[in-house]
Structure formats: structure tokens, C-alpha cells
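One-letter residues, chain by chain:
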Amino acid sequence: MSGLVTKSMAQEQQAQKIETRTAVARIGAFTIVATAVAALAVLGAAALFAQGQGKDKYSLVSPGGIAFSDFRGYEDWADVSSARTTEILKVIVANPTMINAYKAGVPGNGQPFPDGSMIVKLQWKLKKSTEAPFAVEVPDVFSQAFVMEKDSKRFSKSGGWGYAVFNYDPASDKFTADAKSPSDCGFACHTPVKAKDYIFHPYQKR
């Protein structure tokens, strides 16, 4: 009788060992599958992020080789001046390098802007305000970013400045590089102010 009990207990222990091994194997397999799914999710998210980045305005490059990414952060640059035509309002902003040069007296002191200077002319179509109690025109639809950057070696043939235009389409909320804007597209227009290092707009002090 004792032998039968001992044998039964041994069989039960063996069965428990087999069940434990099976459970461990299942957990291991589940862990592998879960890890693989998580890895695929991360890769998928990264791929979607990369695709989204490819559509970002800072991925654009003009036909003349001017990268919009060179002007990253222009949304927070200090304003230099403003101008307007009968249809367009233009706000000119510049990066810290150029603002510091302005404050040092450039170009009025006869010195050129240093390499690394960048300026962006932001352009809006105008509309008459229907809310103000007086006659005034206000920005309506944003249309274009005209950019300039100073690199004496890279743009030696155009006074040291590179020029480009990036158009904005409000319907799609996307920027595109203007196909008709080679690197020196603005050079001819800016030659009348060569003595001011090709910059039309003086810095408007506060």
C-alpha cells in the first residue's frame, strides 16, 4: 500500500512539473509575441513620424538650393520693419545675428552684415476690417515667405546673399518651394541698395 501511495505522489509531482513547464513556455511565448508587437508598433510610429516630417515645411529646398530649415524658428524672430502694396502686407523679421548687426549700426556704418545673417519677409493678402470702428486694413490670408541668407562664399555671385521664395496654400495648409525662384532671384531687384548691403528695410527702433 505504501508503495502505491509513493508512486501516486511521484506521478502527481511529475504532472505538476510538466504543467509548470507548459505554463512557463506559454508565458515565454506570450512575452515574445508581446515584445514583437510592441517593437512593430514603435517602428510603425517612427515610420509615420518620418512620413509626416517629410511633408513638413522645413523639409523644403528651393531650386537654387536654399533650405527652409536654415530659417527654422523664424516665427519667433524680432521684427525689423513692415511695408505694403495695394494688395499685400509685408512684415520683415530677422534672426539674432542680423538684429545684433542692425543694433551695431550696420549697414549705416558702412559695414556689411556678417555671414549667418538671415531675414524673412512674411506676406499676407489684405482685407478691410469689418470690426474696427475706423477704416483699417488687416492681414487676411498668408501667402508667401521670401527669405534671404548671408554666406559670402556660397553666394559670392549675388552679393553674398542667397534668395528664395516659399509659397503657402491656405486650402491645403502647406508650403511649397517656388519653382521660379533660383538662388539669385532677388539679386537684380536688390542691386539698387548695394551700398546698404542689398537690404531695403532699415531697422525700426522701438
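What counts and how
Residues numbered from 1 in each chain as written. Predicted model: local features only at pLDDT ≥ 70, side-chain atom pairs only at ≥ 80, totals over all residues. Heavy atoms only, no water. Helix = DSSP H or I, 4+ residues; strand = E, 2+ residues; numbered from the N terminus. Buried < 20%, exposed > 50% of the residue type's maximum accessible area, 1.4 Å probe, protein only. Phe/Tyr/Trp six-rings, centres within 6.5 Å; stacked < 30°, edge-to-face > 60°. Lys NZ or Arg CZ within 6 Å of the ring centre and 35° of its normal. Contact = heavy atoms within 4.5 Å.

### Some thoughts on the environment of alanine 179
Following the sequence through the fold, alanine 179 ends up in the loop between strand 6 (174-177) and helix 3 (187-190). Overall, the relative accessible area of 69% leaves alanine 179 in the exposed class. Along the sequence, alanine 179 and alanine 164 sit 15 residues apart, while their C-alpha atoms lie 9.7 Å from each other.

### A few points about the packing of aromatic side chains
The full count for this structure, using the stated rule, is 13 aromatic pairs. Summarising the aromatic geometry, the rings of phenylalanine 113 and tryptophan 161 are spaced 6.1 Å apart at their centres and angled 70 degrees between planes, so their arrangement reads as edge-to-face. Of this pair, phenylalanine 113 sits in the loop between helix 2 (96-103) and strand 3 (118-128) while tryptophan 161 sits in strand 5 (residues 161-169), and the two are 48 residues apart along the sequence. Here phenylalanine 113 matches tryptophan 161 in class, with each residue buried. Measuring from centroid to centroid gives 5.1 Å for tyrosine 168 and phenylalanine 175, while their planes differ by 55 degrees, and the two rings are tilted. Each member of the pair, tyrosine 168 together with phenylalanine 175, is buried. These aromatic residues form a ring-pair network of at least three members: Tyr58, Phe68, Tyr74, Trp124, Phe142, Phe166, Tyr168 and Phe175. One cation-aromatic arrangement involves lysine 121 over phenylalanine 146; the distance from NZ or CZ to the ring centre is 4.9 Å.

### Side note on unusual backbone geometry
The step from valine 106 to proline 107 runs through a cis peptide bond, and the omega angle for that step is 0 degrees. The phi dihedral of aspartate 173 is positive, around 55 degrees, even though this residue is not glycine. Assignment of secondary structure puts aspartate 173 in the loop between strand 5 and strand 6.

### Some words on the environment of glycine 160
Relative to the elements of secondary structure, glycine 160 occurs in the loop between strand 4 (137-150) and strand 5. A residue is classified by how much of its surface remains accessible, and glycine 160, at 3% relative accessible area, is buried. Distance in space between the C-alpha atoms of glycine 160 and tyrosine 198 is 9.3 Å, their sequence separation being 38 residues. Other than its neighbours up to four places away in sequence, glycine 160 contacts Glu149, Lys150, Asp151, Ser152 and Phe155.

Don't take any of this as a statement about function, it's just geometry.
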